[in-house]
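So you can see what is in the structure, the chains are spelled out below.
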Amino acid sequence: GRVIVPAGTEVVVAENPRVVEYAAEHRLSTPVIATNGNPAAAVLTLVEQLLWSDADVRYHGDFDAAGLAICGRMAERGCRPWRMDAGDYAAALERAERDGVRLDRDAHRCGDTPWDPDLATVFNRDRLVVHEEFVLAQLFSR
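On a predicted model such as this, the values are computed, not experimentally measured, just so you know. (Residues numbered from 1 in each chain as written. Predicted model: local features only at pLDDT ≥ 70, side-chain atom pairs only at ≥ 80, totals over all residues. Heavy atoms only, no water.)

**Q** What's the story with the pattern of salt bridges in this structure? I'm lost.
**A** Oppositely charged side chains may form a pair once their charged atoms are brought near each other. Inspection of every chain in the model, using the stated rule, returns seven salt bridges. Notably, a salt bridge pairs Arg-58 with Glu-10, separated by 3.4 Å at the nearest N-O pair. Of the two residues, Arg-58 is situated in strand β3 (residues 56–60) and Glu-10 in strand β1 (residues 10–14); the sequence distance between them amounts to 48 residues. Arg-58 sits in the buried class, given a relative accessible area of 15%. Accessibility expressed as a relative area gives 33% for Glu-10, which makes it partly exposed. (Salt bridge = Lys/Arg side-chain N within 4 Å of Asp/Glu carboxyl O. Helix = DSSP H or I, 4+ residues; strand = E, 2+ residues; numbered from the N terminus. Buried < 20%, exposed > 50% of the residue type's maximum accessible area, 1.4 Å probe, protein only.)

**Q** Hey, could you run me through the sheet that holds strand β4 (residues 80–81) in this one?
**A** Within a sheet, adjacent strands bond to each other through the backbone by hydrogen bonds, running parallel or antiparallel. Sheet architecture is open: four strands sit in the order β2-β1-β3-β4, paired in parallel fashion. Of all strands in the sheet, those with a lone pairing partner are β2 (32–34) and β4, marking the two edges. Pairing between β3 and β4: two bridges, direction parallel. By the bridge assignment, Tyr-59 is partnered in β4 with Pro-81. Contacts from helix α1 (residues 17–25) reach β1 and β2, with the element oriented near 155° to β2. (Pairing = 2+ DSSP bridges. Contact = heavy atoms within 4.5 Å. Axes fitted to C-alpha atoms, helices over the stretch in contact; angles between N-to-C directions.)

**Q** Would you explain unusual backbone geometry in this entry?
**A** With a phi angle near 50°, Arg-27 is a residue other than glycine that sits in the positive phi range. Secondary-structure assignment places Arg-27 in the loop between α1 and β2. Taking relative accessible area as the criterion, Arg-27 reaches 75% and is therefore assigned exposed. Unlike most non-glycine residues, Asp-54 shows phi in positive territory, near 75°. Following the sequence through the fold, Asp-54 ends up in the loop between α2 (41–52) and β3. With a relative accessible area of 53%, Asp-54 lands in the exposed category.

**Q** How should I be thinking about the packing of aromatic side chains in this particular structure?
**A** Each aromatic ring pair is summarised here by two numbers: the centre-to-centre distance and the angle between the ring planes. Within the structure shown, the criterion is met by four aromatic pairs. Seen from their ring centres, Tyr-22 and Phe-140 are 6.0 Å apart, and the 15° between their planes marks the pair as stacked. Taken together, the positions of Tyr-22 in helix α1 and Phe-140 in the segment after α6 (136–139) put the pair 118 residues apart, joining distant regions of the chain. On the accessibility criterion, Phe-140 (22% relative accessible area) is partly exposed. Aromatic side chains Tyr-89 and Phe-123 sit 5.8 Å apart centroid to centroid with 55° between the ring planes, which places their arrangement in the tilted category. Separated by 34 residues along the polypeptide, Tyr-89 in helix α4 (residues 86–98) and Phe-123 in helix α5 (residues 117–126) bring together distant segments of the chain. Look at Tyr-89 and you get buried, because its relative accessible area is 1%. Chaining the aromatic ring pairs together yields one cluster made of Tyr-22, Trp-82 and Phe-140. (Phe/Tyr/Trp six-rings, centres within 6.5 Å; stacked < 30°, edge-to-face > 60°.)

**Q** Honestly, the side chain of Ser-53 in this entry has me stumped. Any pointers?
**A** Residue position: Ser-53 is located in the loop between α2 and β3. We classify Ser-53 as buried; its relative accessible area is 9%. Within the structure, the side chain of Ser-53 is placed 3.5 Å from the backbone oxygen of Val-3, a separation counted as a polar contact. Once residues lying within four places of it in the same chain are set aside, the contact partners of Ser-53 are Val-3, Ile-4, Val-5, Pro-6 and Ala-7. (Polar contact = N/O pair within 3.5 Å; in protein donor to acceptor, adjacent residues only side chain to side chain.)

Okay, structure coming up:
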């Protein structure tokens, strides 16, 4: 069978299953799907069917080289990078600094971020890693 949703249905695809737990704990109405890292065939099939239904499929992942690469691949498939721009990244860095949270440094530079070219520039400056768990509250708050 094919998954069909009404056109325009907002669906969030996230890298970390913790985002699904957060959505459930807060009884959010937006469906959330976790890829659990690199999306497996089942997740890609589901996303494809949602896009085929004309759903508004948004993608969020970690701000690290691997996460930004996954975001790029999901964008190429038709997902809309969501809260994954240079401003979102800068806001997370500011909050970490303000709260005294030490962020790890990624050993790798990220590739291009065509949905926001500034993001690659800003990320590659210091390569500070911001995991989805750190921005959970901000993801659904705006």
